[in-house]
Amino acid sequence: MLNFLLNILWLVFGGWATAISWFTSALIMVISIVGIPWARAAFNIGLLNLWPFGSQVVARETISGHDIGTGSLGFIGNVIWFIFCGWWLAAMHVFWGLLFCITLIGIPVGLQHFKLAKISFAPVGKAIVF
């Protein structure tokens, strides 16, 4: 019940804005056919931005066994992701995380932003478990 209430507060006070930034990244990536694997990763993390409390990020390999996105191709995909999108999305989440952690009541929200900043660096090969 607490996660539900925190997720509602998250959405009302700006979670929708960070989700839009992730969905925008996905749209930019899907414009080219080559960017579709990155678009999938960005869209999944955008969904995490809509409902972060009680959700976890895990490697897809742990869910489905061997996965192409968790091997060397996934590493190359994450490097390309970081160069074009990851660094500014991570910077946005770090900024908001620090801002929310200034107040005692904002610490849970700030910690969620830090979780989202971590996944911003390397989203390829990750899955969201709600």
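Let me begin by describing the structure that accompanies this report. From a predicted model like this one, the values you see are computed outputs, not experimental measurements.

### As for the overall build of the protein
Here is step 1 of the chain: Check the secondary structure of the protein and you find five helices and two strands.
Here is step 2 of the chain: Expected size for 130 residues packed as a compact globule is a radius of gyration near 14 Å; at 15 Å, the protein falls within 12% of this value.
Here is step 3 of the chain: Here the protein, with 130 residues, has 38% of them falling under the buried criterion.
Here is step 4 of the chain: Taking all contacts inside the protein whose residues are at least 6 apart in sequence as the whole, residues at least 24 apart take part in 72%.
Here is step 5 of the chain: As displayed, the protein offers around 7,400 Å² of accessible surface, 80% of which is attributable to carbon and sulfur atoms.

### Side note on a nonpolar patch on the surface
Here is step 1 of the chain: Taken together, Met 1, Phe 4, Leu 5, Ile 8, Leu 9, Val 12, Phe 13, Phe 43, Leu 47, Trp 51 and Phe 130 make up a surface patch of nonpolar side chains, about 1,200 Å² in accessible area.
Here is step 2 of the chain: Listing elements by their share of the nonpolar patch, those giving two or more residues are helix H1 (2-31) and helix H2 (36-50).
Here is step 3 of the chain: If one sorts the elements of the nonpolar patch by residue count, H1 sits on top with six residues.
Here is step 4 of the chain: Here Ile 8 shows up in helix H1.

### Observations concerning helix H5 (residues 107-121)
Here is step 1 of the chain: The end-to-end C-alpha distance of H5, which contains 15 residues, comes to 22 Å, matching closely the 21 Å that a straight helix rising 1.5 Å per residue would cover.
Here is step 2 of the chain: Those residues of H5 that fall on the buried side of the exposure criterion are Val 109, Gly 110, Gln 112, His 113, Leu 116, Ala 117, Ile 119 and Ser 120.
Here is step 3 of the chain: Buried residues along H5 sit in contact with H1, H2, strand S1 (56-59), helix H4 (72-101) and strand S2 (126-129).

### As for H4
Here is step 1 of the chain: Its 30 residues place the ends of H4 only 36 Å apart at the C-alpha level, less than the 44 Å of an ideal helix rising 1.5 Å per residue.
Here is step 2 of the chain: The principal kink in H4, of about 65°, is found at Phe 82.
Here is step 3 of the chain: Restricting attention to buried positions, one finds in H4 the residues Gly 74, Gly 77, Asn 78, Trp 81, Cys 85, Gly 86, Leu 89, Ala 90, Met 92, His 93 and Gly 97.
Here is step 4 of the chain: Lining the buried residues of H4 we find H1, H2 and H5.

### Looking at the nonpolar core
Here is step 1 of the chain: Grouped together as the largest cluster of nonpolar side chains are 20 residues, with contacts concentrated most on Trp 22, Met 29, Ile 45, Trp 81, Leu 89 and Leu 116.
Here is step 2 of the chain: For this core, the elements supplying multiple residues, two or more each, are H1, H2, H4 and H5.
Here is step 3 of the chain: It is H2 that contributes the most residues to this core, six residues altogether.
Here is step 4 of the chain: In contact with Trp 81, not counting residues within four places along its chain, are Trp 22, Ser 25, Met 29, Trp 38, Ala 42, Gly 86, Leu 89, Ser 120, Phe 121 and Pro 123.

### Some words on the environment of Trp 16
Here is step 1 of the chain: Tracing the backbone shows Trp 16 in helix H1.
Here is step 2 of the chain: Along the primary structure Trp 16 and Ser 120 are separated by 104 residues, whereas in three dimensions their C-alpha atoms are 16 Å apart.
Here is step 3 of the chain: Aside from chain neighbours lying at most four places away, what touches Trp 16 is Leu 11 and Leu 50.

### Describing the packing of H4 against H5
Here is step 1 of the chain: Between H4 and H5, the shortest axis-to-axis distance is 7 Å and the interhelical angle comes to 170°. Considered as vectors, H4 and H5 are oriented roughly antiparallel to each other.
Here is step 2 of the chain: When its residues are assigned to classes, the contact of H4 with H5 shows 16 nonpolar, seven polar and no charged.

Thresholds applied
Residues numbered from 1 in each chain as written. Predicted model: local features only at pLDDT ≥ 70, side-chain atom pairs only at ≥ 80, totals over all residues. Heavy atoms only, no water. Helix = DSSP H or I, 4+ residues; strand = E, 2+ residues; numbered from the N terminus. Rg over C-alpha atoms; globule rule 2.2 N^0.38 Å. Buried < 20%, exposed > 50% of the residue type's maximum accessible area, 1.4 Å probe, protein only. Contact = heavy atoms within 4.5 Å. Areas by Shrake-Rupley, 256 points an atom, 1.4 Å probe, with all protein chains shown as cover. Patch = residues over 30% accessible without salt bridge, like charges linked within 9 Å, V, L, I, M, F, W, Y side chains within 5 Å. Salt bridge = Lys/Arg side-chain N within 4 Å of Asp/Glu carboxyl O. Expected span 1.5 Å × (residues − 1). Bend = angle between axes of the 7 residues up to and from the residue. Core = buried A, V, L, I, M, F, W, Y, C linked by side-chain atoms within 4.5 Å. Axes fitted to C-alpha atoms, helices over the stretch in contact; angles between N-to-C directions. Parallel < 35°, antiparallel > 145°, perpendicular 65-115°, else oblique. Nonpolar A, V, L, I, M, F, W, Y, C, P; charged D, E, K, R; others polar.

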